[in-house]
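# Understanding the architecture of this molecule
Here are the chains, one letter per residue:
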Amino acid sequence: MDLYQHFASVIQAHLNPHSRLVIGFSGGVDSQVLLTLAARFGQQYQCECLAVHVHHGLSGNADRWAEQCAQWAHERGVPFVVEKVILQPQGKSIEACAREARYQALAQHLEHGDVLLTGQHADDQLETFLLAVKRGSGPKGLSAMAQCRSFANGYMLRPLLEVNRSTIEAFAVEHQLQWAEDESNQDTRFDRNYIRHQVAPALNQRWPHFKAAVQRSAQLCFEQEALLDELLSEKLSELTAADDGLSIAGLTSLSELMRGRLIRMWLSQHRVLMPSRDHLDKIWSQVAMAQQDANPILNLAQGQVRRFNHRLYLVESLADVSAWSHQAALESSMILPDNLGTLLLRKSTQGHLSYQALQTAPLSVIFEPQGLSARPAERGHSRKLKKLFQEYQVPSWQRRRMPILMCGDKVAAIANLFIDHDFIGQDCELVWDK
């Protein structure tokens with residue numbers, strides 16, 4: 001195999017004019033070969049390249065590797081960036097946590113239409129397939145790694161995915177390349193390393209074409225998944241509201257198999273890792289089918305599945321800001337907690353608040369509605385905020401994240417929702433810039 005010609009043909013099939021090649025450059029043999037091929041391609045076709053090294057800090061050699069990678073990139077005339085990440089496993093394996101942090105760091109360097117190149121090869125595909133088998137994955141998991149997929153602002157491309165590790169290593173030796181050896185790659189306590197050193201060699205020795213068979217099986221699973229998505233995409237669109245809520249009533253009339261598939265597709269659109277069968281059952285039985293007066297929540301790795309107004313919603317896990325409070329003053333902008341933006345009370349002829357009414361007591365901003373009542377301008381009497389939130393169709397997870405302007409112990413306004421009857425005017429406004 002002419003490795004460069006193979007690499008160039010894959011790149012040309014996916015590269016758009018003016019796209020850059022962003023190389024995920026760990027410094028291992030696979031990424032060294034990838035960088036060498038990309039640099040040659042860039043010079044031949046005047047294509048801009050960028051090498052990005054993610055520094056996990058997991059090894060005592062990490063600083064030395066970063067310095068060495070910078071030197072190798074410089075030798076090939078490729079601009080180089082180091083991204084340092086801090087791993088926070090929080091119940092995940094260190095492998096999964098490092099992989100997630102790595103891709104988040106790489107995504108920051110992709111501009112519109114750029115192509116991220118990673119060095120996974122046929123042996124990696126075999127390992128990924130067997131790991132999916134170990135987890136009991138369905139066709140989506142068994143489709144393993146796609147050669148090309150959407151990623152961040154562009155695409156992720158694996159141009160060496162059909163190439164054996166031995167071919168890559170032979171290329172490195174032939175071109176007298178140097179590379180870093182990560183000592184953790186020999187640690188068979190990690191599942192992938194155990195498969196690499198103990199399982200895959202035995203399989204390949206017994207069945208020399210086993211890797212090629214895995215490639216075919218993964219491709220068939222991928223095609224089956226793509227076909228199902230194509231056939232059900234219109235149905236999913238029908239069941240999904242403008243706010244991305246998924247209709248529970250619409251799902252109820254479907255078979256259990258179709259319902260489960262549509263929920264998976266809906267989660268996939270939100271880039272959520274596929275839930276286990278147990279989680280999928282709980283989304284339906286414990287969230288969708290919960291009692292009408294309940295406020296069900298199911299926590300997933302990338303957020304929470306909630307129910308509101310007969311729809312399912314995926315909500316990112318949010319910090320509790322209900323104990324937060326801050327004094328407010330006219331013409332003074334305040335920064336709200338947990339990235340909720342800024343709030344400004346100012347004089348304005350376009351406003352609907354009364355400056356005079358707001359002078360009767362100290363002003364403050366809170367988020368805790370418990371025990372408070374208000375009378376919106378168009379209402380004839382006051383009601384508890386809990387009831388008003390329901391009437392205004394505010395989802396339960398947003399009710400403690402809406403700034404409440406207090407004048408003494410009275411609710412003057414809830415930002416972007418209503419103004420209390422006693423504070424109606426024409427010379428002040430409350431501006432919530434999210």
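Residues numbered from 1 in each chain as written. Predicted model: local features only at pLDDT ≥ 70, side-chain atom pairs only at ≥ 80, totals over all residues. Heavy atoms only, no water.

As annotated in an unreviewed UniProt entry, the protein chain is tRNA(Ile)-lysidine synthase from Vibrio sinaloensis DSM 21326. Listed in UniProt under the heading Catalytic activity (unreviewed entry), the comment for the protein chain reads: "cytidine(34) in tRNA(Ile2) + L-lysine + ATP = lysidine(34) in tRNA(Ile2) + AMP + diphosphate + H(+)". Database annotation for the protein chain, UniProt heading Subcellular location (unreviewed entry): "Cytoplasm". (UniProt positions renumbered as here; feature names shortened; annotations may be inferred.)

## Describing the UniProt feature "binding site: ATP" (unreviewed entry) in the protein chain
Per the UniProt record, "binding site: ATP" (unreviewed entry) is found at S26, G27, G28, V29, D30 and S31. Along the polypeptide, S26 turns up in the loop between β1 (21-24) and α2 (29-45). Relative accessible area serves as the criterion here: at 45%, S26 is assigned to the partly exposed category. Residues within four places of S26 in sequence aside, it is in contact with S31, H53 and C69. In this structure the side chain of S26 is engaged in a polar contact, spanning 3.2 Å, whose partner is the backbone nitrogen of G28. Residue position: D30 is located in helix α2. Every residue in contact with D30, bar those within four places of it in the chain, is listed here: G119, H121, D124, L160 and I168. (Helix = DSSP H or I, 4+ residues; strand = E, 2+ residues; numbered from the N terminus. Buried < 20%, exposed > 50% of the residue type's maximum accessible area, 1.4 Å probe, protein only. Contact = heavy atoms within 4.5 Å. Polar contact = N/O pair within 3.5 Å; in protein donor to acceptor, adjacent residues only side chain to side chain.)

## So, empty space enclosed by the protein
The final tally for this structure, using the stated rule, is one cavity of 30 Å³ or more. The calculated volume of the largest cavity comes to roughly 40 Å³. Looking at the largest cavity, the residues that line it are A328, A329, S332, M334, L343, L344, L345, V365, L405 and L430. Looking at the lining of the largest cavity, the element that brings in the most residues is strand β13 (residues 342-347), giving three residues. Looking at the lining of the largest cavity residue by residue, the class counts come to nine nonpolar, one polar and no charged. (1 Å grid on protein atoms, 1.4 Å probe; cavity = no way out; pocket = protein on both sides within 12 Å on 5 of 7 lines; lining within 4 Å. Points joined across faces, edges and corners; volume = space filled by probe spheres on them. Nonpolar A, V, L, I, M, F, W, Y, C, P; charged D, E, K, R; others polar.)

## Description of the UniProt feature "domain: Lysidine-tRNA(Ile) synthetase C-terminal" (unreviewed entry) in the protein chain
Under the feature "domain: Lysidine-tRNA(Ile) synthetase C-terminal" (unreviewed entry), the UniProt entry names residues 363-432. The straight-line gap between the two end C-alpha atoms of residues 363-432 is 16 Å; of that span, 10% is helix and 34% is strand.

## Looking at the sheet that holds β1
To summarise the sheet geometry, strands pair through backbone hydrogen bonds and adopt either a parallel or an antiparallel arrangement. The strand order across the open sheet formed by six strands is β3-β2-β1-β4-β6-β5, and the pairing between neighbours is mixed. The open sheet is flanked by β3 (80-84) and β5 (148-151), the only strands paired with a single partner. Taking the axes of each pair of neighbouring strands and ignoring which way they run, one obtains an average angle of 30° across the sheet. Packing against the sheet, helix α3 (residues 62-75) makes contact with β2 (49-55) and β3, and its axis sits at approximately 175° to β2. Across the sheet, helix α4 (residues 94-107) lies against β1, β2, β3, β4 (115-117), β5 and β6 (154-157), angled at about 145° from β2, the strand it touches most. (Pairing = 2+ DSSP bridges. Axes fitted to C-alpha atoms, helices over the stretch in contact; angles between N-to-C directions.)

## Examining the packing of aromatic side chains
On inspection of all chains with the given rule, the structure shows eight aromatic pairs. Ring geometry for Y103 and F151: centres 5.9 Å apart, planes at 70°, overall edge-to-face. Residue Y103 is found in helix α4, and its partner F151 is found in strand β5; the two are separated by 48 residues along the sequence. When sorted by exposure, Y103 lands in the same class as F151, which is buried. An aromatic cluster of three or more residues is present, and its members are F7, F41 and Y45. Here the basic side chain of R102 rests over the ring of Y103, its NZ or CZ set 5.8 Å away from the ring centre. (Phe/Tyr/Trp six-rings, centres within 6.5 Å; stacked < 30°, edge-to-face > 60°. Lys NZ or Arg CZ within 6 Å of the ring centre and 35° of its normal.)

## Structural notes on the nonpolar core
Ranked by size, the top nonpolar core spans 36 residues in total, and within it L353, L358, L385 and L405 carry the most contacts. Of all the secondary-structure elements, those providing two or more residues to this core are β13, α13 (355-358), β14 (363-366), α14 (385-391), β17 (404-407), β18 (410-414), β19 (418-419) and β20 (428-433). Leaving out residues up to four positions away in the same chain, L405 has contacts with A328, L345, L353, L358, S364, V365, K410, V411, A412, A413 and L430. A38, A51, A73 and I168 belong to the second-largest nonpolar core, a separate cluster that totals 33 residues. (Core = buried A, V, L, I, M, F, W, Y, C linked by side-chain atoms within 4.5 Å.)

## What about the sheet that holds strand β12 (residues 334-335)?
Ordered by their spatial adjacency, three strands build an open sheet running β12-β13-β20, and the pairing between neighbours is antiparallel. At either end of the open sheet lies a strand with only one pairing partner, and these are β12 and β20. In this structure, β13 lies alongside β20, joined through six bridges in antiparallel fashion. The residue of β20 that forms the bridge with R346 is E429.

## Observations concerning α3
Taking 1.5 Å per residue, 14 residues should reach 20 Å; α3 reaches 20 Å between its end C-alpha atoms and fits that length. Buried within α3 we find A62, W65, A66, C69, W72 and A73. Down the axis of α3, the sector holding all buried residues measures 125°, keeping them to one side. Across from the buried face of α3, at angles greater than 90 degrees, the exposed residues are R64, E67, H74 and E75. (Expected span 1.5 Å × (residues − 1). Arc of directions from axis to C-beta.)

## Regarding the pairing of β2
Counted residue by residue, β2 has seven buried out of seven residues, so it is predominantly covered. Side chains of β2 alternate between two faces, with C49, A51, H53 and H55 and L50, V52 and V54 buried alike. Alignment of β1 against β2, held across four bridges, turns out to be parallel. Following the sheet pairing, L21 is matched in β2 by C49. With α2 bridging β1 and its parallel neighbour β2, the resulting β-α-β unit is right-handed. Strand direction decides the pairing type here: β2 and β3, joined by five bridges, are parallel. Within the sheet, the bridge partner assigned to H55 lies in β3 and is K84. What joins β2 to β3 is α3, and the crossover it makes is right-handed. (Right-handed = clockwise from strand over helix to strand, strands pointing away.)

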